[in-house]
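Fold and contact review
Each chain is listed here by its residues.
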Amino acid sequence: EVIRAVGREPHEVRMENMVRPGDMPYRSTTNLLYDNGDYAESVRLAAELVDFPGVRARQQQGEPDGRLIGVGFASYTEQTAHGCGEWVTRGTPVIPGFESATARLMTDGTLMLLVGIQSHGQGLETTLSQVAHEELTIDPELITVRHGDSSLSPFGMGTFASRSMVMGGGAVAKACRLLREKIATVAGHMLQCPPSEVTFKDGAAHGPQSTVSFAEIGRTAYLRQDGLPVHTEPTLEATTTYQPGIDTGVFCYSTQVAVVAVDPRTGFVEILDYGVVEDCGTMVNPKIVDGQIHGGVAQGIGTALYEEIVYDEFGQPLATTFADYLMPGAPEIPRIKIGHMCTPTEHTEYGMKGMGEGGAISPPAAIANAIRDALAPLGAEVNETPMTPERVYEAIQAAKQRAAGGAA
């Protein structure tokens with residue numbers, strides 16, 4: 001109401017009231033420490049993704065079919081990779097402030113990673129292999145990631161709270177660096193040079209005069225101990241733990257924007273355009289980040305428009321099967337436009353931040369704001385999710401009754 005009263009665009013006022021990059025790190029009144037970022041820029045870029053001036057022009061022109069156009073924004077910041085101090089503040093009985101990993105070079109030169117986190121669709125097998133490749137230069141195709149078996153993996157805390165890539169990835173990076181030192185010791189002996197002169201490239205160890213493959217190094221470490229330096233233990237394995245350099249976690253953020261068309265005769269809402277601008281620091285695999293955003297937005301659209309647990313007056317659930325519980329399918333999900341920002345944090349390996357809930361947080365608010373914008377000329381408001389055609393239609397009818405009462 002304030003925005004309309006002063007004739008301003010909501011997203012512009014939103015930008016003016018966000019924490020500025022120059023004020024980072026910023027401690028909030030709730031004692032959260034935002035590490036870095038440019039929140040207002042994410043709003044500006046989101047407006048560009050959907051051609052905000054064009055949407056406003058279309059809105060003013062009106063639709064031939066009588067539908068009402070609306071545009072809405074929603075921004076969030078998400079605390080990820082919570083460290084020990086954050087969990088202590090929350091008073092949790094268990095402090096999941098670290099993660100573990102084991103890196104093991106095998107006899108054939110392949111690498112096995114054992115982690116305490118659990119991959120359930122986020123592509124962690126791929127991204128953890130990329131981290132190991134970064135440290136050891138070994139082909140990701142030659143890396144096996146074992147997870148989900150507590151009898152094999154080092155002790156870990158699991159996958160939740162957008163922590164897996166920062167915590168598990170950090171542990172893998174540390175373990176691979178420790179393993180790299182051990183490999184350099186063996187390789188230096190084989191190459192007849194000090195370990196400090198050994199370099200790694202394309203999954204092999206290189207000395208000043210010659211090269212030895214990881215397969216040869218692995219075979220020597222496990223099967224030909226006579227080729228090891230004196231007092232060097234056989235096998236090549238390293239286990240370590242990792243926790244971020246900041247106890248309060250690091251903060252990713254995003255702005256999402258929805259453009260909708262509302263049919264005032266039926267209350268039906270169609271999403272015409274959708275944009276996401278996110279910043280999760282350094283992206284290990286941009287395609288996986290995009291995939292998680294797509295899946296999260298689809299989930300958020302379900303929350304906004306479709307999914308609801310309904311009970312009758314006797315407390316009996318009425319949505320007990322998928323015939324009664326409505327979820328969005330492919331036709332209901334628009335083509336999602338994604339823009340990336342990248343503000344690495346100094347507190348984690350490679351500057352990574354978590355982004356597990358990056359797609360799902362904003363859609364209900366963005367879509368609600370868009371519907372509210374579309375219905376503004378009618379004086380109608382919808383303040384309950386899911387914003388079903390029935391609820392939207394009832395809000396329109398209530399606004400018409402209020403207008404009629406005022407006119408009378």
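Scroll up for the structure.
Report on the accompanying structure. From a predicted model like this one, the values you see are computed outputs, not experimental measurements.

Some points on the packing of aromatic side chains
This structure, assessed with the given rule, holds 8 aromatic pairs. Ring pairing ties together the aromatic residues Tyr26, Tyr34, Tyr39, Phe251 and Tyr253, which thus form one cluster. A cation over a ring is seen here: arginine 90 above tryptophan 87, with NZ or CZ 5.0 Å from the ring centre.

Here we look at the side chain of serine 362
Position of serine 362 relative to the elements: it lies in the loop between strand S13 (336–341) and helix H10 (363–375). If we skip the residues at most four places from it in the chain, serine 362 touches Ala74, Ser75, Tyr76, Gln256 and Tyr274.

Some remarks on helix H6 (residues 124–136)
Under the 1.5 Å per step criterion, the end-to-end length of H6 is 18 Å for 13 residues, consistent within 8% with the ideal 18 Å. What H6 keeps buried is the set Leu124, Thr127, Leu128, Ser129, Val131, Ala132, Glu135 and Leu136. Packing partners of the buried residues in H6 comprise strand S5 (111–115), strand S6 (143–146), helix H7 (164–191), strand S7 (199–201), helix H8 (214–223) and helix H9 (286–306). Downstream of H6 by a residue or two, threonine 137 has a phi angle that is positive, lying close to 65°.

Some points on the pairing of strand S10 (residues 237–242)
Only one face of S10 is buried: it carries Ala238, Thr240 and Tyr242, and the other face, with Glu237, Thr239 and Thr241, is open. Examined bridge by bridge, strand S4 (residues 99–105) and S10 share 6 bridges and lie antiparallel to one another. The partner of glutamate 99 across the bridge, within S10, is tyrosine 242.

A short note on the pattern of salt bridges
Applying the stated criterion to the full structure yields 21 salt bridges. Aspartate 373 is the partner of arginine 56 in a salt bridge, and the nearest nitrogen-oxygen pair spans 2.9 Å. Of this pair, arginine 56 sits in helix H4 (residues 52–61) while aspartate 373 sits in helix H10, and the two are 317 residues apart along the sequence. Arginine 391 is paired through a salt bridge with glutamate 384; the nearest N and O atoms lie 3.2 Å apart. What you see here is one network of salt bridges that share partners, running through Glu135, Arg177, Arg180 and Glu349.

Things to note about the sheet that holds S7
As summarised here, the arrangement of the 3 strands in space is S7-S8-S9, forming an open sheet in which the pairing is antiparallel. The sheet is open, and its two borders are formed by S7 and strand S9 (211–213), each paired with just one other strand. When the angles between neighbouring strand axes are averaged without regard to direction, this sheet yields 30°. Judged from the 3 bridges that link them, S7 and strand S8 (residues 204–206) form a sheet pairing that is antiparallel. Across the sheet, threonine 199 pairs through a bridge with histidine 206, a residue of S8. Seen against the sheet, H7 touches S7, S8 and S9 and runs at an angle of roughly 125° to S9.

Describing the environment of aspartate 279
Along the chain, aspartate 279 falls in strand S12 (residues 269–279). Taking C-alpha positions, aspartate 279 is 48 Å from histidine 231, a pair spaced 48 residues apart along the chain. In terms of polar contacts, aspartate 279 uses its side chain to reach the backbone amide nitrogen of glycine 281, at 3.0 Å.

Description of the side chain of threonine 248
Structurally, threonine 248 can be placed in the loop between S10 and strand S11 (250–262). Judged by its relative accessible area of 17%, threonine 248 is buried. Among residues more than four places away in sequence, those in contact with threonine 248 are Leu33, Gln79 and Glu86.

Looking at the sheet that holds S11
Reading across from one edge, S3-S11-S12-S13 is the order of the 4 strands in this open sheet, with mixed pairing throughout. With partners counted over all chains shown, the strands left at the sheet margins are strand S3 (68–80) and S13, one partner each. On average, adjacent strands in this sheet sit at an angle of 15° to one another, irrespective of strand direction. Relative to S13, S12 runs parallel, the two sharing 6 bridges. In the sheet register, tyrosine 274 faces S13, and the bridge partner there is isoleucine 336. On the sheet, H10 packs against S3, S11 and S12 and is oriented at approximately 155° with respect to S3.

Cut-offs and rules
- Residues numbered from 1 in each chain as written.
- Predicted model: local features only at pLDDT ≥ 70, side-chain atom pairs only at ≥ 80, totals over all residues.
- Heavy atoms only, no water.
- Phe/Tyr/Trp six-rings, centres within 6.5 Å; stacked < 30°, edge-to-face > 60°.
- Lys NZ or Arg CZ within 6 Å of the ring centre and 35° of its normal.
- Helix = DSSP H or I, 4+ residues; strand = E, 2+ residues; numbered from the N terminus.
- Contact = heavy atoms within 4.5 Å.
- Expected span 1.5 Å × (residues − 1).
- Buried < 20%, exposed > 50% of the residue type's maximum accessible area, 1.4 Å probe, protein only.
- Pairing = 2+ DSSP bridges.
- Salt bridge = Lys/Arg side-chain N within 4 Å of Asp/Glu carboxyl O.
- Axes fitted to C-alpha atoms, helices over the stretch in contact; angles between N-to-C directions.
- Polar contact = N/O pair within 3.5 Å; in protein donor to acceptor, adjacent residues only side chain to side chain.

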